[in-house]
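Geometric and topological summary
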Amino acid sequence: MEIVSSLLSSAVTKVFQLSGLSRNGMNTQTMEEKALDVYDVIRSIRDPEKPNTLEELEVVTEKCVELQELSEDEFLIIIKFSPTVPHCSLATLIGLCIQVKLQRCLPFKHKLEIYISEGTHSTEEDINKQINDKERIAAAMENPNLREIVEQCVAEPDD
C-alpha cells in the first residue's frame, strides 16, 4: 500500500509541475510574476554612496527574490541582497531602503524578510537582525537625516 501511495503522490506532483499549478492551486506563473514585480520595485533603488542603482551594482538580481504563499491573498517575500564589498558600512541602510520601498509600493498583502546573502558580508548576522527588527526600522525612519537619505535612495528616477 505504501508503494502505491508513493507512486500516486509522485504522479500527482508531476501533473502539477506540468500544468503550472502548485498543490494549493496557485498558478506558479503568477508567483513568478509577483516575484518579478517585487524585483522591479527594488531594482531602481539608488546606492547611498554611488550614482548607480542596486541592480547596476548587482546588489540585487532577479534571483535574490523569493516568494512563498502564506494564504490565498498573503505572501512571504524573502530578499537576499549582496553588498558590493564584505565590509560595506552601508549594508544596513541598503536593507532599510529595500524595506521602505517594498512597504510603500507593493499592492498585495505581504510579510517581508530581508537578508544579506550568506558569506557576502563580515557582520551579516548582526545586520540581518537589524533590518528585520520593526522597532529599529521605525526608530531609524524618525531620524530626519536618515529619512532624507532613504527618500533620496528610494525616489523613482526621472525618465
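In the block above lies the structure referred to throughout.
Notes on the structure in this doc start here. (Residues numbered from 1 in each chain as written. Predicted model: local features only at pLDDT ≥ 70, side-chain atom pairs only at ≥ 80, totals over all residues. Heavy atoms only, no water.)

Section: the sheet that holds strand S1 (residues 65-71)
- Strand order across the open sheet formed by 3 strands is S1-S2-S3, with mixed pairing between neighbours. With partners counted over all chains shown, the strands left at the sheet margins are S1 and strand S3 (109-116), one partner each. Averaged over all pairs of adjacent strands, the angle between their axes in this sheet comes to 20°, without regard to strand direction.
- Pairing of strand S2 (residues 74-81) with S3 involves 8 bridges; the strand directions are parallel. (Pairing = 2+ DSSP bridges. Helix = DSSP H or I, 4+ residues; strand = E, 2+ residues; numbered from the N terminus. Axes fitted to C-alpha atoms, helices over the stretch in contact; angles between N-to-C directions.)

Overview of the packing of aromatic side chains
- Enumeration over the complete set of coordinates arrives at 1 aromatic pair.
- Positioned over the ring face of Phe-108 is Lys-34, at 4.4 Å from the centre of the ring. (Phe/Tyr/Trp six-rings, centres within 6.5 Å; stacked < 30°, edge-to-face > 60°. Lys NZ or Arg CZ within 6 Å of the ring centre and 35° of its normal.)

Re the pattern of salt bridges
- In total, this model carries 5 salt bridges according to the counting rule given.
- For Arg-43, the salt bridge is made with Asp-40, and the minimal N-O distance between the two is 3.6 Å.
- You can call Asp-40 partly exposed: its relative accessible area is 40%.
- Its salt-bridge partner being Arg-104, residue Glu-151 comes within 2.4 Å of it at the nearest N-O pair. Of this pair, Glu-151 sits in helix H6 (residues 144-154) while Arg-104 sits in helix H3 (residues 91-105), and the two are 47 residues apart along the sequence.
- Ionic contacts of the salt-bridge type, sharing partners, join the residues Asp-40, Arg-43 and Glu-55 into one network. (Salt bridge = Lys/Arg side-chain N within 4 Å of Asp/Glu carboxyl O. Buried < 20%, exposed > 50% of the residue type's maximum accessible area, 1.4 Å probe, protein only.)

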